[in-house]
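For reference, the chains in residue letters:
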Amino acid sequence: MTAPRPPIRVAVLGATGAVGQTFVRLLQGHPWFEIAEVAASERSAGKRYDQVTRWIEGDLPPAVAGLTVKPCDPAAVESPIVFSALDSNVAGEVEAAFAAAGRLVLSNAKNYRMEPDVPLVIPEVNADHLGLLDAQRARRGWSGGIVTNANCASTMAAVALAPLHAAFGARRVFVATMQAVSGAGYPGVPSLDILGNVIPYIGDEEPKIEREMQKMLGVLAGGAVQGAPFVVSAHANRVAVENGHTVCLSVEFERAPSLDDAARVLRAWTGASVVRGLPSAPESPLHLFDQDDRPQPRRDAMRGGGMTVSVGRLRADPLFHLKFVAMGHNTIRGAAGGSILNAELLVKTGRVGAA
Ligand code: NAP
């Protein structure tokens, strides 16, 4: 499709944090969207963005540096598309207020992900779930809406599992994660807690992984998502990696696939065709490695601009049927990049401006 002209004005809520900064970086030079507004807590509001932001990676884009940070209030923020990188303590109320005020909110927070009328979307996996927006508006009386993306570890696992589930029907899924420190935001985990260490607990992470994948791989019918009928057991670990969540999966299927069939299915998968050609869509949403020692976060997290999920170590599992490793960039594919792709899909499917 041709680029919207002029570009659509967008706001980033929680713009000062780790995910907020990733939004600001990824939206520089975006062909459809222009950052018009940044917003954060009362601590930051009223001050210049570059004065209140401890910028983490590369150079702070000059076009955003001088913006005055606004409060997270729809009376102060005008943009029709609102990317939310808010802490979950505040995301619930704030995102609802924006949706009620007619804005489309692309949320990274956990608050609305499992609400039955809220799409939880990875465009290549379940683009059609955006259809829930109609039910959401009718039920809540909102003229805008909320679209969420998943927990960052669930995203990597769901992309790797989606083609296999479609072909062979997942029944039981065992997941163990090794999650990067950037997943804890900024300043996040104290260095003396994580350097040379593994922390076998991430607050509320395992329950999120154990429920979100079924919704994403579920089927939309009659205005509701019927969750996929598999069970997930998750272990979540924080490791001393900067970016890139690694997820080890063992999966039992309804129809046991051979290794060759599983590899063929993974290699052939390109995701929903509606996503192809969107500005943030990677050439391949999933890359399957043959090498025994890949994927690795340092080498592979930025594959496809951080939007490709890398899969490897596909082998037979003596307990279940298959085991493999999935890895992807947590603040890009698992957060800001995923949200931007969701917004591009909303534009392409005519849902922006249709509120
Ligand atoms: P973070 O670095 O701690 O940033 C939190 C942001 O929320 C900051 O901009 C902060 O603004 C703002 N904020 C805090 N309290 C506020 C309030 N009362 N009112 C308005 N704004 C407030 O966290 P993060 O890692 O970027 O995560 C942001 C969200 O994305 C979370 O919900 C997280 O669970 C989710 N997420 C994160 C990742 C990841 O890999 N990091 C992946 C997927 C999803 P101030 O600077 O003004 O305090």
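Residues numbered from 1 in each chain as written. Predicted model: local features only at pLDDT ≥ 70, side-chain atom pairs only at ≥ 80, totals over all residues. Heavy atoms only, no water.

1. Quick notes on helix H6 (residues 132-140)
Among all positions in H6, only Leu-132, Leu-133, Gln-136 and Arg-137 are buried. The buried residues of H6 occupy one face: seen down the axis, they fall within an arc of 140°. Those residues of H6 that are exposed and aimed more than 90 degrees away from the buried face are Asp-134, Ala-138 and Arg-139. At the C-terminal side of H6, Gly-141 shows a positive phi close to 70°. (Buried < 20%, exposed > 50% of the residue type's maximum accessible area, 1.4 Å probe, protein only. Helix = DSSP H or I, 4+ residues; strand = E, 2+ residues; numbered from the N terminus. Arc of directions from axis to C-beta.)

2. A short note on the side chain of Asn-342
Take Asn-342: it is sitting in helix H12 (residues 332-348). When near neighbours in sequence (up to four residues on either side) are disregarded, Asn-342 contacts Leu-106, Val-121, Pro-123, Val-147, Thr-148 and Asn-149. (Contact = heavy atoms within 4.5 Å.)

3. A closer look at the pairing of strand S4 (residues 81-84)
Here S4 shows no split at all, with Ile-81 and Phe-83 on one side and Val-82 and Ser-84 on the other all buried. Bridging between strand S1 (residues 8-13) and S4 involves four bridges; their strand directions are parallel. The residue of S4 that forms the bridge with Ala-11 is Val-82. (Pairing = 2+ DSSP bridges.)

4. Here's the deal with the environment of Trp-55
Tracing the backbone through its elements, the reader meets Trp-55 in the loop between helix H2 (49-52) and helix H3 (62-65). Considering only alpha carbons, one finds Trp-55 and Asp-300, 245 residues apart in sequence, at a separation of 23 Å. Apart from the residues lying within four places of it in its own chain, the contact partners of Trp-55 are Gln-21, Val-24, Arg-25, Tyr-49, Leu-60 and Pro-61. Side-chain polar atoms of Trp-55 contact the backbone oxygen of Gly-58, separated by 3.4 Å. (Polar contact = N/O pair within 3.5 Å; in protein donor to acceptor, adjacent residues only side chain to side chain.)

5. Quick notes on the environment of Val-173
Looking at where Val-173 falls in the secondary structure, it is placed in strand S7 (residues 170-179). Using a relative accessible area of 2% as the deciding quantity, one classes Val-173 as buried. The spatial distance from the C-alpha of Val-173 to the C-alpha of Lys-323 is 9.7 Å, given a sequence separation of 150 residues. When residues no more than four places from it in sequence are discounted, the contact partners of Val-173 are Leu-161, Phe-230, Val-231, Val-232, Ser-233, Leu-249, Ser-250 and Val-251.

6. Considerations on the domain arrangement of the protein chain
In terms of domain boundaries, the protein chain breaks down into domain 1 (8-151 + 336-348) and domain 2 (152-329). Taken residue by residue, the interface counts 33 residues in domain 1 and 40 residues in domain 2. The junction of domain 1 with domain 2 conceals about 2,800 Å² of combined surface from both sides, 66% of it contributed by carbon and sulfur atoms. Broken down residue by residue, the surface that domain 1 buries against domain 2 is led by Met-114, Glu-124 and Asn-151, which jointly contribute 26%. Applying the counting rule to domain 1 against domain 2 returns two salt bridges. Here Lys-110 ties to Asp-204 by a salt bridge, and the two come within 3.0 Å at their closest N and O atoms. Counting across the domain 1 and domain 2 interface gives 17 residue pairs in polar contact (both at pLDDT 80 or more). Residue assignment for the side of domain 1 that touches domain 2 shows that the elements contributing at least two residues are helix H5 (123-126), H6 and H12. (Domains from an automatic or database assignment. Buried area = accessible area lost by both parts, 1.4 Å probe. Salt bridge = Lys/Arg side-chain N within 4 Å of Asp/Glu carboxyl O.)

7. Considering the site of the ligand
With respect to spatial proximity, 27 residues lie near the ligand, and among them Thr-16, Ser-41, Arg-43, Ser-44 and Leu-86 are the closest. Between the ligand and Gly-185, the relevant distance is 3.4 Å, taken from an oxygen atom to a main-chain nitrogen or oxygen of the residue. Elements with a contribution of two residues or more to the shell around the ligand: helix H1 (18-27), helix H4 (88-100) and H12. Within the shell around the ligand, the residues separate by chemical class into twelve nonpolar, 13 polar and two charged. Counting contributing residues per domain, the shell around the ligand is built from domain 1 (8-151 + 336-348) and domain 2 (152-329), each supplying no fewer than three. (Near = heavy atom within 4 Å. Nonpolar A, V, L, I, M, F, W, Y, C, P; charged D, E, K, R; others polar.)

8. Some words on the sheet that holds strand S15 (residues 322-328)
Overall, mixed pairing links the seven strands, which are arranged S8-S11-S7-S12-S15-S14-S13 in an open sheet. What marks the edges here is a single partner per strand, and that holds for strand S8 (198-199) and strand S13 (286-288). With eight bridges joining them, S7 and strand S11 (residues 231-239) adopt parallel strand pairing. By the bridge assignment for S11, Arg-172 is matched with Val-231. Contacting S7, strand S12 (245-253), S13, strand S14 (309-316) and S15, helix H7 (residues 152-168) crosses the sheet at an angle of about 30° to S12. Of the strands in this sheet, S7 and S11 touch helix H9 (residues 205-216), which is tilted by about 135° from S11. (Axes fitted to C-alpha atoms, helices over the stretch in contact; angles between N-to-C directions.)

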